[in-house]
Amino acid sequence: MKSHIRAKSHTRSKLFQAIACSMLVAATPLAALAAQPLPANSLGLGTHCATASTAAERATCYTRKLADLKLSAHGEQLFSNNAATTNVPVVATYTETATLGDPDSWKTDEFLQDWGLAAMNAHHAYARGLSGSGIMLGVVDSGVGFSHDEFAGKQNVAITMANFQDDGTLCPEGRNFGAAACFNTRGDEVQIEYVRFHESVPENIRNIILNGPYVKPGLNYNSHGTHVAGTIAANRDGSGMHGVAFGANFASARMFHDTIREWRRTATGYSVLDIASRPGPDPVAFTNVFNDMAAAGVRAVNHSWGYTVQFYRGEELDPYYNAPSWQEDWDAFSKGALDTGMIHVWAAGNIRTAPPAGQYPIAGLTATLPRYIPEIEKYWLSVVNVRPNTSGQGDAYVLSSGSMKCGASMDWCISAPGTLINSSVMGGTIEGELITNADGSYTLNIMGENPTSEYADYSGTSMATPHVTGALALLFERYPYLTNAQVRDVLLTTATDLGEAGVDDVYGWGMVNLQKAIEGYGQFRVDTEVDMVSAAGGTHWWNDSNVWDVWTNDISGAAFSFTSSAGGWL
């Protein structure tokens, strides 16, 4: 049996989440139901997936596990007047009009498309000749549309992410669904979402869905990863918008399988539900991705995703960290830092259910993992979403109403722009068919694609996180003699304080401030040893050839020692 469809990819469809948005038909048709959080004392994690004897049993185990802690992108599209601009042409011969030493000259129309660039003072870094050139970053997300005009000419790398079968070989490529389906994706292939109406949905309900702000039937691209990658590294080419580190390249891994869902009648109304289970990556797949990224020269990995459980106190996370069936997951993430030295930048998470009055949920499991594994802390960042403060009182930026706060991750947490961020998305048409196989499984057969380069505004900690990853790229270029962990400390200790004085559980260290970050440390958090093996990146305002760098910030904190095995001076 085949269900054939040709449809335009709608940039306004709801972004990927493991939790389907439930809809009611009542006095107010299709009112959204909130997903319920999983109580910390109701783990339900089952046995360790590694003990399963077959691939099918392991798949069932991980499906159950992911049903308990829902994987989700920490950002989604919000509509605005400039939510989508279709088919903006590439400017083939772009000539930079901005000048070194003049930060304001970098505030072009393209720059201003993302208000976050000015909010982080990125123009000051650009005026020092920094763009992220020569830096490789990582994106673990829903896949990135490498064909988007904003990535033209880049040396980006597509990473294969796959589980192993019982015979030791990688799962084959394919868009298959069901208990025995095997996970294999490529980072340059954008996740595809298929939605249809179940035959039981009546015509009047179909019309409400088709004409309202609801998930539409058809084949759509999930542009979450493309949007994230654009914020990190979209070209500065005179067209559209540009990324924080517009000169950087990235390696992309896709951790989300395609989805097949349908509108169905439920006990409470009409909801979009999965037609069949879909495979997901196991811990070994994550380990291999991190190793492949490190081999490609990646220095920081962007994780605009997490688990959609809401916590309010740090101790509520501990049962999950200590659960035996999650140890392989935590080990994979920690080794991805300890064995590679890469910085892992995590979205703190978005609020999914209304919190109790006066409370904000805290950053989630992955963002707060150093609570359980302290040795990874120097390679970790947790990111919350801030927006401009329009009240005229207090700090210039405040926590978005949809963002988790730093919570137990406050010591490695930073704030960044994440509300109504304009970036690259994929549009166009997809032609395909859903095949029902003899064993009851499904195959999504994609027969043709005609993608287009578009733009949209998204909001969430997913959008704040790539601002931080891009900022790290500028600082990696600025400080080629510092380790990845030391550059992370420069970013944290030069942030502009928000909220309560000092590091706090809402904003962490505060708002990214690249104007200060390019002038050296703000504080030595730990005893710090620097071996200056190369001169500072970017342009220099000093003339002494023996001086390889100058830091102008007032610096406090722990002990500092300096050497230069290559003969330079600080």
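Check the entry above for the structure.
Residues numbered from 1 in each chain as written. Predicted model: local features only at pLDDT ≥ 70, side-chain atom pairs only at ≥ 80, totals over all residues. Heavy atoms only, no water.

A. Highlighting the environment of Asn422. On the secondary structure map, Asn422 appears in strand β21 (residues 421–436). Judged by its relative accessible area of 2%, Asn422 is buried. Sequence-wise, Asn422 and Asp457 are 35 residues apart; in three dimensions their C-alpha atoms are separated by 4.3 Å. A distance of 3.3 Å separates polar atoms of two side chains, one belonging to Asn422 and the other to Gln113. A polar contact of 2.9 Å, which involves the side chain of Asn422, links it to the side chain of Asp457. (Helix = DSSP H or I, 4+ residues; strand = E, 2+ residues; numbered from the N terminus. Buried < 20%, exposed > 50% of the residue type's maximum accessible area, 1.4 Å probe, protein only. Polar contact = N/O pair within 3.5 Å; in protein donor to acceptor, adjacent residues only side chain to side chain.)

B. Quick peek at the environment of Leu130. With respect to the helices and strands, Leu130 occurs in the loop between α4 (122–126) and β6 (136–141). Looking at Leu130, the relative accessible area reads 1%, which means it is buried. When residues no more than four places from it in sequence are discounted, the contact partners of Leu130 are Ala125, Leu474, Glu477, Arg478, Ile518, Gly537 and Gly538. (Contact = heavy atoms within 4.5 Å.)

C. Inspection of the packing of aromatic side chains at higher detail. Under the criterion given, the structure shown has 28 aromatic pairs. Between Tyr307 and Trp326, the ring centres sit 5.4 Å apart and the planes meet at 85°, which makes this aromatic pair edge-to-face. Of the two residues, Tyr307 is situated in strand β16 (residues 305–307) and Trp326 in the loop between α8 (318–322) and α9 (327–338); the sequence distance between them amounts to 19 residues. Of the two residues, Tyr307 and Trp326, neither departs from the other in class, the shared state being buried. The structure contains a cluster of three or more aromatic residues connected by ring pairs, namely Phe286, Phe290, Trp305, Tyr307, Tyr321, Trp326, Trp330, Phe333, Trp346, Tyr372 and Trp380. Taking the ring centre of Phe476 as reference, the NZ or CZ of Arg299 above it sits at 4.1 Å. (Phe/Tyr/Trp six-rings, centres within 6.5 Å; stacked < 30°, edge-to-face > 60°. Lys NZ or Arg CZ within 6 Å of the ring centre and 35° of its normal.)

D. Up close: the nonpolar core. By size, the foremost hydrophobic cluster in this structure holds 119 residues, and its most contacted members are Met293 and Phe333. The greatest single-element share of this core, amounting to 9 residues, is contributed by helix α10 (residues 461–478). Excluding residues that lie within four positions of it along the chain, Phe333 makes contacts with Phe286, Phe290, Trp305, Tyr307, Trp346, Thr366, Leu369 and Trp380. Formed by 15 residues, the second largest nonpolar core is a distinct cluster that contains Val190, Ala276, Leu434 and Tyr442. (Core = buried A, V, L, I, M, F, W, Y, C linked by side-chain atoms within 4.5 Å.)

E. Quick look at unusual backbone geometry. Phi at Asn121 is positive, roughly 60°, even though this residue is not glycine. As for its position among the elements, Asn121 is in the loop between α3 (115–119) and α4. Under the relative-accessibility criterion, Asn121 is labelled buried at 17%. With a phi angle near 50°, Leu420 is a residue other than glycine that sits in the positive phi range.

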